[in-house]
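# Working through the structure, step by step
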Amino acid sequence: MQINRRNLLLAAGGLAATAQSGVALAQTSAPPASPGTTSSAIGRRKLGSLEVSSVGLGVQNMSRTYQQTIPTRAEMHNIIRSAFDHGLTFYDAAEAYGPLEAERILGEGVEPFRNQIVIATKFGWNIDPETGERKPGLNSRPDHIRIVVDAMLKRLRTDRIDLLYQHRVDPQVPIEDVAGAIKDLMDQGKVLHWGLCEMGLKTLRRAHEALPVTAVQSEYSMLWRGPEKTAIPVCEELGIGFVPWSPLGVGFLNGAIDAKTTFAKGDIRGIEGRFVPENLPHNLALVELLETWAERKQARLGQIALAWLLAQKPWIVPIPGTTQMAHMIENVGAPGVSFTAAELADLNASLAAVEIKGARLPDAVQAFSDVEAPAKS
């Protein structure tokens, strides 16, 4: 059974560069720089009707890194604001990150330019919206959603959430009831668009029928290509945008993990089957492939991995997270890397020849993904 990295992180408490010619980007050119910003090749894309920068910024680890260290708050604000200066307008958070603290950091960071960006965040875990206490399981009851959103607005220092996702499907609540609660919040101006994460495909169709879905968020990268046979075709059919989380494979695709890497206590990557000693040397063939293409395109490894995602569909917008300024600058430069049709075919053929060994995470957390909501009575 395939398993999901982010599930373990989120469930733990509940369970106890100028663009080259080519076909890759399919995006509009970057808008003129506004006061306080610099021009950028980052460009724009559409998630449904929602326009965002073609690469976003995930802030999950800005409250606590994989290594369990606490980043300097002022530096996280600096990265958030510098990303905006480089043309990035799409920021991704969740109540579960921290919990609650990543939303506070994001709200503080974007306050000077809040009206020029898109904020996405997520509800759905059984978390006390005031204290951050994690309780077992999930909670998408409509009354709870309304309370959670009001608390989110305070933490984010805003009057509306541009894109609100259900973080995981609640098996106790019909998706039509969730959609109804979101519709009420839209009518009040508190939510502008909505989406789902890691849902079953029947649930996605029902959700979209009840209230048009703007975006789906799921893990997707060169390291994990499962959505190519599941969510992405349905999104294409229904006109829904797709937002890959972990687009750099928790650092693997930018070369942060090699055969000598050891993981700190508490670093969830240390229990991933892909990175255990018997599998990691084999899987490094993917990094070697990236190194070849990085040299060929005069780019960074992570930029190749992100540009490859952008080349798959014009409505895919990855949200790499980082707590390092240099990595953020690399990531926003990825849209400046493109592939001709022949290059993309060559790269895809090489990728298909790389077999990734090892499961993503223990089976105990898989129950939180690909869940179908119960039928509406």
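Computed from a prediction, not measured in an experiment: that's the story for all the values here.

Thresholds applied
Residues numbered from 1 in each chain as written. Predicted model: local features only at pLDDT ≥ 70, side-chain atom pairs only at ≥ 80, totals over all residues. Heavy atoms only, no water. Helix = DSSP H or I, 4+ residues; strand = E, 2+ residues; numbered from the N terminus. Buried < 20%, exposed > 50% of the residue type's maximum accessible area, 1.4 Å probe, protein only. Areas by Shrake-Rupley, 256 points an atom, 1.4 Å probe, with all protein chains shown as cover. Salt bridge = Lys/Arg side-chain N within 4 Å of Asp/Glu carboxyl O. Pairing = 2+ DSSP bridges. Right-handed = clockwise from strand over helix to strand, strands pointing away. Contact = heavy atoms within 4.5 Å. Axes fitted to C-alpha atoms, helices over the stretch in contact; angles between N-to-C directions.

For the rest of this paragraph, the subject is the overall build of the protein. Within the protein, the secondary structure is distributed over 11 helices and 11 strands. Put simply, the protein has 377 residues, and 57% of those count as buried. Summed over all atoms, the accessible surface of the protein reaches about 14,800 Å², with 51% contributed by carbon and sulfur.

For the coordinates displayed, the defined rule picks out 24 salt bridges. Here Asp-346 and Arg-296 are joined by a salt bridge, their closest N and O atoms 3.3 Å apart. Placement of Asp-346 in helix α11 (residues 341-352) and of Arg-296 in helix α8 (residues 280-297) is noted, with a sequence separation of 50 residues between them. Among the residues examined, Asp-346 registers a relative accessible area of 35% and is labelled partly exposed. One salt-bridge network, in which partners are shared between bridges, spans Arg-73, Glu-101, Arg-104, Glu-108, Glu-111 and Arg-157.

By the criterion of burial, strand β5 (residues 118-123) is predominantly enclosed, with 6 of the 6 residues buried. The alternating pattern of β5 places Val-118, Ala-120 and Lys-122 and Ile-119, Thr-121 and Phe-123 on opposite faces, both of which are buried. The pairing of strand β4 (residues 90-92) with β5 spans 3 bridges and is parallel. By the bridge assignment, Tyr-91 is partnered in β5 with Ile-119. Regarding the hand of the β-α-β motif, the stretch spanning β4, helix α3 (residues 101-110) and β5 is right-handed.

Quick look at the sheet that holds strand β3 (residues 57-58) now. Strand order in the open sheet formed by 7 strands is β3-β4-β5-β8-β9-β10-β11, with parallel pairing between adjacent strands. The open sheet terminates on both sides in strands that have one partner only, identified here as β3 and β11 (241-245). Where strand β8 (residues 163-166) meets strand β9 (residues 194-197), 3 bridges bridge the pair, whose relative direction is parallel. For Tyr-165, the partnering residue across the bridge sits in β9 and is Gly-195. Taken strand by strand, helix α5 (residues 175-187) contacts β5, β8 and β9, and its axis lies near 145 degrees from that of β9.

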